[in-house]
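Overview (structure and organization)
Here is what each chain is made of, one letter per residue.
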Amino acid sequence: MARTVRFHTANRVGATPIAVTRTREKKERLLNEGAADAIVSDEEDVPARLLALTGGKGVDYVFDAVAGPGVTGLARVVAPGGTLFLYGALSGQPTPYPGFDLGMPALNIRTYTVLETTKDLRRLRRAETFVASGLRAGAFRPVVDRLFPLEEIVRAHQHMESNTQFGKIVVTVTH
């Protein structure tokens, strides 16, 4: 959930982005990148905190790249009429269908892949226009963690596996 560009996008469309990260080290950086609040999942009860932040209403949209067993807790805090988007499976664990555990509420869950935008020319043009105008307005900017020369690709990969990065890891190539 802590993908920083999503905060830029959410803020641009008037949403209130709330980040979830595993470690305290990333919390302040998430807030500086535009998250309205940040929850440290290793220290806090994520569903309880989300409900507290929304005054018990719940969250309109949840974007989950982790999936796995935690999806049930996230589904519990989806507001009526809201949607839980699953777009990754970083947990590596099976993802249950949470509706049964939650007593069969009216729950919108869907998956998302960028292909549903890139394969639809009309949607692709709308996305291109949105991104281009956001770049021109300064609402979108890259967040780069570190640059590695191609000769240090092993170190770059080790850094990525450490999960300590904040933003993108860029590998540079000299001519």
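Preceding this section is the structure that the text describes.
Residues numbered from 1 in each chain as written. Predicted model: local features only at pLDDT ≥ 70, side-chain atom pairs only at ≥ 80, totals over all residues. Heavy atoms only, no water.

This part is about the pairing of strand β3 (residues 59-64). Sheet topology places β3 next to strand β4 (residues 78-86); five bridges connect them, and they run parallel. Following the sheet pairing, Val62 is matched in β4 by Leu84. (Pairing = 2+ DSSP bridges. Helix = DSSP H or I, 4+ residues; strand = E, 2+ residues; numbered from the N terminus.)

Take unusual backbone geometry next. Here the phi dihedral of Ala67 falls at roughly 60°; this positive angle occurs in a residue that is not glycine. A relative accessible area of 6% places Ala67 in the buried class. Positive phi outside glycine occurs at Asn163, with the angle close to 55°. Looking at the element boundaries, Asn163 is found in the loop between α8 (153-162) and β7 (168-172). (Buried < 20%, exposed > 50% of the residue type's maximum accessible area, 1.4 Å probe, protein only.)

Glancing now at the nonpolar core. Counting 14 residues, the largest nonpolar core has Val46, Leu50, Val62, Leu74 and Leu84 as the members making the most contacts within it. Within the residue set of this core, elements represented by two or more residues are α3 (46-53), β3, α4 (71-76) and β4. Those residues in contact with Leu50, other than ones at most four positions away along the chain, are Ile18, Ile39, Val59, Leu74 and Val77. (Core = buried A, V, L, I, M, F, W, Y, C linked by side-chain atoms within 4.5 Å. Contact = heavy atoms within 4.5 Å.)

Moving on, we get to the pattern of salt bridges. Considering all chains together, one arrives at nine salt bridges under this definition. Between Glu152 and Arg155 there is a salt bridge whose closest N-O contact spans 2.3 Å. Here the salt bridges share partners, and the residues they tie into one network are Asp37, Glu44 and Arg49. (Salt bridge = Lys/Arg side-chain N within 4 Å of Asp/Glu carboxyl O.)

As a further point, take the side chain of Thr21. Among the secondary structure elements, Thr21 is positioned in strand β1 (residues 18-21). Those residues in contact with Thr21 that sit more than four places away from it in its chain are Lys26, Lys27, Leu30, Ile39, Val40 and Ser41.

Right, let's talk about the layout of surface pockets for a bit. If you roll a probe as big as a water molecule over the atoms, it shows you where there is empty space left. What the largest pocket holds in volume is close to 1600 Å³. Along the walls of the largest pocket sit 38 residues, with Arg6, Thr9, Ala10, Val13 and Phe63 positioned nearest its centre. Mapped by element, the contributors of at least two residues to the lining of the largest pocket are α1 (4-12), β1, β3, α6 (115-118) and α7 (121-137). With seven residues, the single largest contributor to the lining of the largest pocket is α7. Of the residues belonging to the lining of the largest pocket, the class tally is 24 nonpolar, six polar and eight charged. (1 Å grid on protein atoms, 1.4 Å probe; cavity = no way out; pocket = protein on both sides within 12 Å on 5 of 7 lines; lining within 4 Å. Points joined across faces, edges and corners; volume = space filled by probe spheres on them. Nonpolar A, V, L, I, M, F, W, Y, C, P; charged D, E, K, R; others polar.)

Read across the open sheet, the three strands follow the order β3-β4-β5; overall the sheet is parallel. At either end of the open sheet lies a strand with only one pairing partner, and these are β3 and β5 (108-111). Averaged over all neighbouring strand pairs, the angle between strand axes comes to 15°, with direction disregarded. (Axes fitted to C-alpha atoms, helices over the stretch in contact; angles between N-to-C directions.)

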